[in-house]
Amino acid sequence: MSTEAASTIAGLLFWLIIVTNIASNQFGYQTFGDPESEADLHEIDADPRRFKIGFTLITFEHLCIILLAVVLFIAFDDLNLVLALVWLVSRGTEGLMQIFEKRSYWRLLEIARQHASAVGDERRGLADRREGILRSKRVNFLFAQLLFAVGTFSYSLVFATNSVVPVLLAWFGVAAAVLYGFGNAMTIRNPDSRNVWNISGLAILVFEAILGGWLLFG
């Protein structure tokens, strides 16, 4: 595969990741979810097809993350092999961690079905299982996002120091990745502290949307 072809595919993958992530949330997938609320179980039981579509979309997004890491490595490993390996391992592991966790998240479909007709202790037990799944998913996601920040920092730095994309865009990506990693670490320490994480997440979204377009058409 040529560098130009790999770069174009990478741009497409950046956009696919953004679109499928947003679409999965529209179909009920919850990045965090509220462990204390059981409302989502009622929603899943009422429309299991919607849950399955959201699940499929987010799983596809995770697969695209892994493929993106590989394609970026193919396209730009000759610019800085060490940083290329860093983003390949970090973002590849990020995707694998999230796919692995989805095995537990899928169980919410059966828990919701059972919860609808359960009473008493059985109902409380099912609610507890749901809480455990969402809490584990949250921890998995936050640590996966630390790897995301490392990977994004790595390829942004390569882009910035090798004029792969406009230098201001590349350094914006470096700054956004650092801020995102810091905000994510703050959220791990204090789950209620998400302001920095939210702001940096928006910066990352803007960066990846523009970067994807540049790699596709630049």
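Just above sits the structure.
Residues numbered from 1 in each chain as written. Predicted model: local features only at pLDDT ≥ 70, side-chain atom pairs only at ≥ 80, totals over all residues. Heavy atoms only, no water.

### Observations regarding the layout of surface pockets
Test applied: A 1.4 Å probe that fits but cannot get out identifies a cavity on a 1 Å grid over protein atoms alone, an open set with protein on both sides within 12 Å along at least five of seven lines counts as a pocket, and a residue lines either if it has an atom within 4 Å of a point. Grid points are joined across faces, edges and corners, and a volume is the space filled by probe spheres set on the points. In this text, helices come from DSSP runs of H or I with a minimum length of four residues, and strands from runs of E with a minimum of two, each type numbered from the N-terminal end. Throughout, the ten residues Ala, Val, Leu, Ile, Met, Phe, Trp, Tyr, Cys and Pro are labelled nonpolar, Asp, Glu, Lys and Arg are labelled charged, and all others, Gly among them, are labelled polar.
Looking at the largest pocket, its volume works out to about 600 Å³. Contributing to the lining of the largest pocket are 26 residues, with Asn21, Glu61, Phe141, Gln145 and Tyr180 lying nearest its centre. Elements represented by at least two residues in the lining of the largest pocket include exactly α1 (3-26), α3 (48-76), α4 (81-106), α6 (120-162) and α8 (195-217). Here the lining of the largest pocket takes 7 residues from α8, the largest share from any one element. Looking at the lining of the largest pocket residue by residue, the classes come out as 14 nonpolar, 8 polar and 4 charged.

### Remarks on the side chain of Gln98
What counts is decided by this rule: Relative accessibility thresholds used throughout: buried, under 20% of the residue-type maximum; exposed, over 50%; partly exposed, between the two (1.4 Å probe, protein chains only). We call two residues in contact when some of their heavy atoms are within 4.5 Å.
The residue Gln98 is located in helix α4 in this model. With a relative accessible area of 4%, Gln98 lands in the buried category. Once you skip the residues sitting within four places of it in the chain, Gln98 turns out to touch His62, Asn140, Phe141, Ala144 and Gln145.

### Notes on the packing of aromatic side chains
Basically, it comes down to this: Two rings belonging to Phe, Tyr or Trp (six-membered ring only in the last case) form a pair when the distance between their centres is within 6.5 Å. Interplanar angles under 30 degrees mark stacking, angles over 60 mark edge-to-face geometry, and anything in between is tilted.
Taken as a whole and assessed by the stated rule, the structure comprises 15 aromatic pairs. Judged by centre distance (5.9 Å) and plane angle (70 degrees), the rings of Phe14 and Tyr155 are edge-to-face. Here Phe14, found in helix α1, pairs with Tyr155, found in helix α6; they are 141 residues apart in sequence, far enough to count as distant. The buried category is assigned to Phe14, whose relative accessible area is 0%. Classification of Tyr155 by relative accessible area gives buried; the value is 1%. Here the aromatic rings of Phe51 and Trp106 are separated by 6.1 Å at their centres, their planes lie at 40 degrees, and the arrangement is tilted. Of this pair, Phe51 sits in helix α3 while Trp106 sits in helix α4, and the two are 55 residues apart along the sequence. On the accessibility criterion, Trp106 (36% relative accessible area) is partly exposed. Taken together, the ring pairs in this structure connect Phe14, Phe76, Trp87, Tyr155 and Phe159 into an aromatic cluster.

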